[in-house]
Amino acid sequence: MAETVKVKELVDKLSLEVVTGDEESLERVITTGDISRPGLELTGYFNYYSHDRLQLFGNKEITFAERMMPEERLMVLRRMCSDDTPAFIVSRGLTPPKEMITAASERNIPVLSSPISTSRLLGEISSFLNGGLAPRTSVHGVLVDVYGLGVLIQGDSGIGKSETALELVKRGHRLIADDRVDVYQQDELTLIGEPPKILQHLIEIRGIGIIDVMNLFGASAVRGSMPLQLVVYLENWSKDKKYDRLGSGNTDVEIAEVKIPQVKIPVKTGRNVAIIIEVAAMNFRARTMGYDATKTFEDRLTQLIEENSGQ
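Predicted model, so just to flag it, every value in this text is computed and none were measured. (Residues numbered from 1 in each chain as written. Predicted model: local features only at pLDDT ≥ 70, side-chain atom pairs only at ≥ 80, totals over all residues. Heavy atoms only, no water.)

Once that is clear, we can look at the overall build of the protein. Across its full length, the protein carries ten helices and 19 strands. Taken over C-alpha atoms, the radius of gyration comes to 27 Å for the protein, far larger than the 19 Å a tight globule of 311 residues would show. Based on the C-alpha atoms only, the size of the protein along its principal axes is roughly 95 × 55 × 30 Å. For the protein, the proportion of its 311 residues judged to be buried stands at 43%. For the protein, contacts bridging at least 24 residues in sequence account for 69% of all contacts bridging at least 6. Of the roughly 17300 Å² of accessible surface on the protein, a fraction of 49% belongs to carbon and sulfur atoms. Of the side-chain charges in the protein, 36 are positive and 44 negative, and the distance between the mean point of each set is 4 Å. (Helix = DSSP H or I, 4+ residues; strand = E, 2+ residues; numbered from the N terminus. Rg over C-alpha atoms; globule rule 2.2 N^0.38 Å. Buried < 20%, exposed > 50% of the residue type's maximum accessible area, 1.4 Å probe, protein only. Contact = heavy atoms within 4.5 Å. Areas by Shrake-Rupley, 256 points an atom, 1.4 Å probe, with all protein chains shown as cover. Lys, Arg positive; Asp, Glu negative; His and termini not counted. Charge placed at Lys NZ, Arg CZ, Asp CG, Glu CD.)

This is the structure we're talking about:
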């Protein structure tokens, strides 16, 4: 099923003014992130009119419309009104032509207004719609903001993912989603993770049940969404398994067609997993900034071997 966004969600997100339109008109759905600047349509050319897009009027469109005769303006704007036209939006706080209000009201299409510039408004609408209309993929795990880094904690059921996330929240980090994370592709290299609405701000702790993190720890303990940048996989410690001790064996995991770096952490009694995840996040950020402790160690080891072999 394709994702849709309601006009009301756009109004609330961008604080748009509703010039005309009732609650029913604000329930209209937006099915495409493309936005129309109807310059050609105002001249009467409708061969390729995208009637299912938001119709954005800036200074050029309003100025051109004002030069038209009232009867012609009403006729053109009526042709622009279709059953699947989501809304008309006027930027820069400009006054919509009364013919626009008349034509839109006849088809119960809302007319919205914003005080910001057309180019900026276009960018904000596109950004919101691209996120809202992007296909979602659900992944199992807990997403936490650790030092500004989106860390997805995964692992077998019962290994302590939620408890670790709770410890991170107590240490000043922020919860995005527990148990199930909805992710969507913002671009070719970026995934955004967010909680399902039913699980927002909630976390399940075995033995206690469901707790509301925002209610217990405050608004600063939660976050609505976050780019997913690092996956930490918790696995049970096994004395028969060899673990990476240098940090050179990190791999990538593919989520929604995007490769995300993954760190595997063995869990056993006595290990403070929350602190280890903090260090993993800081180490990952250091690597992205060009400092690699593993490479530094290997360079020192190579230098030491060369010095000893020269003696």
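Additional details are given in the paragraphs that follow.
UniProt's feature table lists "binding site: Mg(2+)" (unreviewed entry) at Ser162 and Glu204, given in the numbering used throughout. Across 43 residues, the annotated set stays spatially compact, with a maximum C-alpha separation of 6.6 Å. Locating serine 162 in the fold gives a position in helix H7 (residues 161-170). Look past the residues within four positions of serine 162 in its chain and what remains in contact with it is Val142, Asp178, Ile203, Glu204 and Ile205. Tracing the backbone through its elements, the reader meets glutamate 204 in strand S14 (residues 202-205). (UniProt positions renumbered as here; feature names shortened; annotations may be inferred.)

Turning next to the nonpolar core. One finds Val151, Ile153, Leu234 and Ile277 to be the most contacted residues of the largest nonpolar core, which totals 29 residues. Contributions of two or more residues to this core are made by strand S9 (142-146), strand S10 (149-155), H7, S14, strand S17 (230-236), strand S19 (258-267) and helix H9 (273-288). The residues touching isoleucine 153, leaving out its near neighbours within four places in the chain, are Gly141, Val142, Val144, Lys161, Thr164, Leu168, Val232, Leu234 and Ile277. If you look at the next biggest cluster of nonpolar residues, it comprises 20 residues, including Leu10, Val11, Leu16 and Leu56. (Core = buried A, V, L, I, M, F, W, Y, C linked by side-chain atoms within 4.5 Å.)

A few words on the domain arrangement of the protein. Looking at the assigned domains, one finds that the protein contains domain 1 (5-133) and domain 2 (136-296). When each unit is reduced to the centre of its C-alpha atoms, the spacing between domain 1 and domain 2 is 41 Å. (Domains from an automatic or database assignment.)

A word on the environment of leucine 189. With respect to the helices, strands and loops of the structure, leucine 189 is situated in the loop between strand S12 (180-187) and strand S13 (190-194). Separated by 71 residues in the primary sequence, leucine 189 and isoleucine 260 have C-alpha atoms spaced 9.0 Å apart.

Okay, the packing of aromatic side chains next. Tallied over the entire structure, the rule returns three aromatic pairs. Plain terms: the ring middles of tyrosine 45 and tyrosine 48 are 6.5 Å apart, the flat faces sit at 40 degrees to each other, and that makes the pair tilted. Tyrosine 48 gets classed as exposed once you look at its relative accessible area, which sits at 68%. Here phenylalanine 46 and tyrosine 49 contribute two aromatic rings whose centre-to-centre distance is 5.3 Å and whose plane-to-plane angle is 75 degrees, an arrangement assigned as edge-to-face. Judged by relative accessible area, tyrosine 49 falls into the buried class, the value being 12%. The side chain of lysine 268 reaches across the aromatic face of tryptophan 237, ending 4.3 Å from its centre. (Phe/Tyr/Trp six-rings, centres within 6.5 Å; stacked < 30°, edge-to-face > 60°. Lys NZ or Arg CZ within 6 Å of the ring centre and 35° of its normal.)

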